[in-house]
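Chain and residue survey
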Amino acid sequence: MIRITDKRKCSGCGACINACPKDIISFHEDGEGFLYPQVRTDQCIECHLCEKACPFVNPHPGQDNASDNPYPRFFAAQLKEKQDLFFVSSGGAFWALARAVISQQGVVFGAAQRDVDTIFHMRASSVSEAEQLRRSKYFQSDTRLTFRQVKRDLLDGRKVLYSGTACQIAGLRTFLGKDYDALFTCDVVCHGVPSRKVWRKYRQEKEASVGKKIRQLVFRDKSMGWSHNQYKITYDDGTVETERSTRQLFHAGYLQGLFYRPSCGSCRFASIPRVADITLADYWQYQGKYRQNGCDLGVSLITVNNEKGQRLLKDASAYMDFEETKRTLALASCRHLDEHPFENPDRKNFFRTFEDKGYYAAAQKYIIRRNSNNIIRRVVCKLKRIITHLTQGSKE
Ligand SMILES: Cc1cc2nc3c(=O)[nH]c(=O)nc-3n(C[C@H](O)[C@H](O)[C@H](O)COP(=O)(O)OP(=O)(O)OC[C@H]3O[C@@H](n4cnc5c(N)ncnc54)[C@H](O)[C@@H]3O)c2cc1C
């Protein structure tokens, strides 16, 4: 049976919960606010299906890594329908893939938002249902029993697109135990998921300070442009507050890795070859035709990891434009394609202050005062990375 002895080795993908034939595994929140599976041991029949489904116990063999493999290939992409770009985080590649699969009577799985605290995976079989899956939600999504639903859909002969973070895709693959022709997977590049407990406390403190409740939260509002992305908070009295994401007090702590899930700081899925058929990210450093004439509506970076991913991209060409881009440029633009998130050495101290004094006090100590140092450190890291990739590129 599944026993979590090292929290860095459980990403909370839910594969064990989906695999249990007795339904005696469920998620429980730990002291830091992360979900871990717990087994009702007295009812366990020792079938070991939970361990077999775990991508940490049983790693997926991954993509073909042969030297003549033409993949991965990298593309810049943008939705054809420009108005739709306001409802997606990047260039809308996910929406184009989803539309393509639904147009072939397929089903799409992805992360939806129920309220300001809850993100979960759901199944969509129509364009209107799939609209809920659009946009990045920067909390961990609970996959619930969607892996079982995927298997049922595949056995019913339906085409399936499953999207999520790479650890969730790895969990789905080990749960299924084999590849299915009709299954297409797409992961979003991920720089970690934050603690639910830290978010809830931040929200409560903020609500107390303004005297109103948060009714809606948009993590990536584009009304000021893609490159000026903002947190948009709507209160129960209808007032709206927007703030640049990098300056927003909760998001800044998240970006600095102060309260990531323990498994994120050593993520084994943040590497090339990637685990999914297609990987999606923001193409921040793209300077080509989708950004011409001051267009700042978002550009996706698509990594096609195998032939199946290439077929899916072709199907999606009815909904988006794309052009191939160099590996070196892609990697220079997107650190987390092949690098796991930064493990902040202050994480433990942050949690100690957070438990004693709350979010604002911990943020004062570990985010605000150190912000200028962090900015310098991040700029230096970024420059080093760009130079490394560009020098590698000139040698290719
Ligand atoms: C937690 C998180 C961290 C990310 N970190 C980076 C990063 O460091 N660098 C980068 O370039 N891009 C990152 N991304 C990806 C980026 O924000 C976009 O999601 C991606 O480029 C797809 O954008 P889109 O316009 O194609 O689709 P959108 O419509 O914007 O995104 C929808 C897709 O994201 C999935 N999704 C949304 N929220 C979640 C979630 N909580 N868990 C699992 N899947 C989710 C949906 O299932 C769907 O597939 C991150 C995304 C998430 C969710």
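Scroll up to find the structure.
A brief report on the enclosed structure follows. What you see is a predicted model; the values in this text were computed from it and never measured. (Residues numbered from 1 in each chain as written. Predicted model: local features only at pLDDT ≥ 70, side-chain atom pairs only at ≥ 80, totals over all residues. Heavy atoms only, no water.)

This next bit is on the pairing of strand β11 (residues 278–282). Taken across its 5 residues, β11 has 5 buried, putting it largely inside the fold. Examined bridge by bridge, strand β7 (residues 183–188) and β11 share 3 bridges and lie parallel to one another. By the bridge assignment, Cys186 is partnered in β11 with Ile278. Note that β11 and strand β12 (residues 300–304) share 5 bridges and pair antiparallel. Residue pairing across strands places Ala281 opposite Leu301, the latter belonging to β12. (Buried < 20%, exposed > 50% of the residue type's maximum accessible area, 1.4 Å probe, protein only. Helix = DSSP H or I, 4+ residues; strand = E, 2+ residues; numbered from the N terminus. Pairing = 2+ DSSP bridges.)

So, about the sheet that holds strand β6 (residues 160–165). If you walk across this open sheet you meet the 8 strands as β5-β4-β6-β7-β11-β12-β3-β13, and the pairing is mixed. Two strands in the sheet have a free side with no partner beyond their single neighbour: β5 (119–124) and β13 (320–325). Strand-to-strand twist in this sheet, taken as the mean axis angle between neighbours without regard to direction, amounts to 30°. On the sheet, helix α5 (residues 146–155) packs against β4 (107–113), β5, β6 and β7 and is oriented at approximately 160° with respect to β6. (Axes fitted to C-alpha atoms, helices over the stretch in contact; angles between N-to-C directions. Contact = heavy atoms within 4.5 Å.)

Moving on: the pattern of salt bridges. Tallied over the entire structure, the rule returns 26 salt bridges. The closest approach of N and O atoms between Glu207 and Lys213, which form a salt bridge, is 3.8 Å. The network of salt bridges with common partners includes Asp117, Arg203, Glu207 and Lys213. (Salt bridge = Lys/Arg side-chain N within 4 Å of Asp/Glu carboxyl O.)

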